[in-house]
Amino acid sequence: VVGHVCGAVEQDGKTGWILNAAVQPGCRRYGVGGKLIGKVLAAFDEAGIKCVKSTLDPENTSAAEFYKTLGFNEIGIEADYYGDNVDRMVYERNC
């Protein structure tokens, strides 16, 4: 396994979330992440879901740049998202 992605749909059926995506360090920059996220975006699209959101570690600048190439925009920071002092940047696409 060189990578994975996990997506989910909000209960209202209108917003998809990329909950987790990762590629092994030695396999990055070969298009694996783009293909994985592309598959989940295609599944959302097939289900009629256009708005897709995700969160990233604010210090993960390479992931932030990658998401921007996929059409995601940074919409803000959620303080204490995973507990005390564990903030996340929220990104969205077509919302």
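Please refer to the structure higher up on the page.
The present account deals with the structure reproduced in this document. (Residues numbered from 1 in each chain as written. Predicted model: local features only at pLDDT ≥ 70, side-chain atom pairs only at ≥ 80, totals over all residues. Heavy atoms only, no water.)

Spatially, the five strands line up as an open sheet ordered β1-β2-β3-β5-β4, and their pairing is mixed. Taken across any chain shown, the strands that pair with only one partner, and hence form the sheet edges, are β1 (3–9) and β4 (73–78). Each neighbouring strand pair of the sheet contributes to a mean axis angle of 25°, computed without reference to strand direction. Here β4 pairs with strand β5 (residues 88–93) via five bridges, running antiparallel. Looking across to β5, one finds that Asn-73 is bridged to Glu-92. Strand contacts of helix α2 (residues 61–69): β2 (15–23), β3 (51–56) and β5, with the helix running at about 170° to β3, the strand carrying the most contacts. (Pairing = 2+ DSSP bridges. Helix = DSSP H or I, 4+ residues; strand = E, 2+ residues; numbered from the N terminus. Axes fitted to C-alpha atoms, helices over the stretch in contact; angles between N-to-C directions. Contact = heavy atoms within 4.5 Å.)

We note that Asp-80 has phi near 55°; this positive angle belongs to a residue other than glycine. Its place among the elements puts Asp-80 in the loop between β4 and β5. Positive phi, normally seen in glycine, also occurs at Asn-85, with a value near 60°. Overall, the relative accessible area of 73% leaves Asn-85 in the exposed class. (Buried < 20%, exposed > 50% of the residue type's maximum accessible area, 1.4 Å probe, protein only.)

Further remarks concern the pattern of salt bridges. Inspection of every chain in the model, using the stated rule, returns two salt bridges. Residue Glu-65 pairs with Lys-68 through a salt bridge whose shortest N-O separation is 3.7 Å. Remark: Lys-68 and Glu-65 occur in helix α2; sequence separation between them is three residues, near one turn of the helix. For Glu-65, a relative accessible area of 48% puts it in the partly exposed group. (Salt bridge = Lys/Arg side-chain N within 4 Å of Asp/Glu carboxyl O.)

Locating Glu-92 in the fold gives a position in strand β5. We note that Glu-92 is buried and unpaired, the nearest opposite charge coming from Lys-53 at a distance of 4.2 Å. (Lys, Arg positive; Asp, Glu negative; His and termini not counted.)

It is worth spelling out the pairing of β3 at this point. Burial runs high along β3: five of the six residues are buried. Bridge analysis of β2 against β3 gives four bridges, and the strand direction is parallel. Note on β3: the bridge partner recorded for Ile-18 is Ser-54. Handedness of the β-α-β unit built from β2, helix α1 (residues 32–46) and β3 comes out right-handed. Looking at chain direction, β3 and β5 are connected through five bridges and run antiparallel. (Right-handed = clockwise from strand over helix to strand, strands pointing away.)

What follows deals with the nonpolar core. Formed by 14 residues in total, the largest nonpolar core has its most connected members in Ile-18 and Phe-72. For this core, the elements supplying multiple residues, two or more each, are α1, β3, α2 and β5. No other element matches the four residues that α1 contributes to this core. (Core = buried A, V, L, I, M, F, W, Y, C linked by side-chain atoms within 4.5 Å.)

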